[in-house]
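Chain residues, written in single-letter form:
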Amino acid sequence: MAKKLRSPEPKTARISESTVRRLSLYLRLLQEAESGGQETISSEELADRSGTTAAQVRKDLSVFGSFGKRGLGYSVPELLREIREILGLNRRWKVALVGAGKIGSALVEYRNFQLRGFDIVAVFDSDPAKIGRRWGSQVVLDDATMERVLAEREIEIAIVAVPAEAAQSVVDRLVASGVSAILNFAPVRLRVPDDVALRNVDLVVEMEGLAFALNRKAS
């Protein structure tokens, strides 16, 4: 018998980034379980598949409310629904991409964005050679039109994939236009107001982390 889930009610306004990352991983694992026809799953099984502990799984979920009695297992479809709601994936999000370069091209072609509910509805660049080109279902727009398009299309999330020297000015314009969440690929530390969510993806730092791990293993 599956655990009966209750509506998630966060116990604190401050949830750690590591908890959110694990929730995303649990979501993927639950989707795999559902696609395989599995109806229930235990915290031990989720822990084994995600590389953590059953206690950590239970702790992560308990932050958002009571999830039923111990030892009965979670209903896969119900837990999927709850985690989607917690992560804000029970709706579609309009996303703008600023920077029509190689990273931007790869992101536009990344099908999982749309599958997860993230629709890139505008692409901007300042290069006249790129403006007007078709990228998938979008045409690259002149970044001079960014403020107007962001407002017209009610865009809430932006991906910044521009050179480091241009990133802060781009982010300032996005924030002034009402964008409240930004994923930054530029290799620079950015300043945003406290009420704007900012995530940084620095590929060089990640590669250096891998090099460090290999170097430690070899020593």
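That block above? That's the structure.
Residues numbered from 1 in each chain as written. Predicted model: local features only at pLDDT ≥ 70, side-chain atom pairs only at ≥ 80, totals over all residues. Heavy atoms only, no water.

A. How the structure looks around the nonpolar core. Judged by nonpolar contacts, the single largest core of 23 residues is most densely connected at Val98, Phe124, Leu150, Val160, Leu174 and Ile182. Of all the elements, helix H8 (residues 164–176) adds the most residues to this core, at four residues. Contacts of Leu174, omitting those with residues within four sequence positions, involve Val98, Met146, Leu150, Ala158, Val160, Val179 and Ile182. Counting 20 residues, the second largest nonpolar core, distinct from the first, contains Leu23, Ala33, Val63 and Leu89. (Core = buried A, V, L, I, M, F, W, Y, C linked by side-chain atoms within 4.5 Å. Buried < 20%, exposed > 50% of the residue type's maximum accessible area, 1.4 Å probe, protein only. Helix = DSSP H or I, 4+ residues; strand = E, 2+ residues; numbered from the N terminus. Contact = heavy atoms within 4.5 Å.)

B. Highlighting the layout of surface pockets. Approximately 1800 Å³ is the volume attributed to the largest pocket. What lines the largest pocket is a set of 38 residues, among which Val20, Ser24, Leu87, Phe118 and Arg199 lie closest to the centre. For the lining of the largest pocket, the secondary structure elements donating two or more residues are helix H1 (17–35), helix H4 (76–87), strand E3 (93–98), helix H6 (111–115), strand E4 (118–125), strand E7 (157–160), strand E8 (181–184) and strand E9 (197–200). Considering each element in turn, the lining of the largest pocket owes the most residues, seven residues, to H1. When grouped by side-chain class, the residues that make up the lining of the largest pocket number 25 nonpolar, six polar and seven charged. Residue lining of the second largest pocket: 16 residues in total, with Val108, Tyr110, Gln114, Ile120 and Ser137 positioned closest to the centre. Counting only elements with at least two residues in the lining of the second largest pocket, the list comes to helix H5 (102–108), H6 and E4. Broken down by class, the residue content of the lining of the second largest pocket amounts to nine nonpolar, four polar and three charged. (1 Å grid on protein atoms, 1.4 Å probe; cavity = no way out; pocket = protein on both sides within 12 Å on 5 of 7 lines; lining within 4 Å. Points joined across faces, edges and corners; volume = space filled by probe spheres on them. Nonpolar A, V, L, I, M, F, W, Y, C, P; charged D, E, K, R; others polar.)

C. Here's a closer look at the pairing of E3. For E3, the buried fraction is high: five of the six residues fall into the buried class. Here E3 pairs with E4 via six bridges, running parallel. Within E4, the residue paired with Ala96 across the bridge is Ala122. With four bridges joining them, E3 and E7 adopt parallel strand pairing. In the sheet register, Val95 faces E7, and the bridge partner there is Ile157. (Pairing = 2+ DSSP bridges.)

D. Spotlight on the pattern of salt bridges. Scanning the model with the defined rule gives 10 salt bridges in all. One salt bridge connects Arg91 with Glu156, and the closest N-O pair in it is separated by 2.7 Å. Placement of the pair is Arg91 in the loop between H4 and E3 and Glu156 in the loop between helix H7 (146–152) and E7, with a sequence separation of 65 residues. Arg91 sits in the partly exposed class, given a relative accessible area of 37%. Among the ionic pairs, Asp119 bridges to Arg92, the shortest N-O distance being 2.8 Å. Note that Asp119 is positioned in strand E4 and Arg92 in the loop between H4 and E3, a separation of 27 residues in sequence. Where salt bridges share partners, they join Glu17, Arg21 and Arg199 into one cluster. (Salt bridge = Lys/Arg side-chain N within 4 Å of Asp/Glu carboxyl O.)

E. Layout of the packing of H1 against helix H3 (residues 54–62). Where H1 contacts H3, the two axes come as close as 10 Å, and the packing angle between them is 105°. Here H3 runs roughly perpendicular to H1, going by the angle between their axes. Residues Thr19, Arg22, Leu23 and Tyr26 of H1 pack against Gln56, Val57, Asp60 and Leu61 of H3. Tallied by class, residues from the contact of H1 with H3 come to four nonpolar, two polar and two charged. (Axes fitted to C-alpha atoms, helices over the stretch in contact; angles between N-to-C directions. Parallel < 35°, antiparallel > 145°, perpendicular 65-115°, else oblique.)

F. Here's a closer look at the sheet that holds E4. The strand order across the open sheet built from seven strands is E5-E6-E4-E3-E7-E8-E9, with neighbouring strands paired in mixed fashion. Every interior strand has two partners, whereas the edge strands, strand E5 (134–135) and E9, have only one. The pairing of E5 with strand E6 (residues 138–142) spans two bridges and is antiparallel. The residue of E6 that forms the bridge with Arg134 is Val139.

G. Examining the side chain of Asn184 more closely. Structurally, Asn184 is set in strand E8. Residue classification places Asn184 among the buried positions, given a relative accessible area of 0%. Of the polar contacts made by the side chain of Asn184, one reaches the backbone nitrogen of Ala186; its length is 2.9 Å. Other than its neighbours up to four places away in sequence, Asn184 contacts Val160, Leu190, Leu198, Arg199, Asn200 and Val201. (Polar contact = N/O pair within 3.5 Å; in protein donor to acceptor, adjacent residues only side chain to side chain.)

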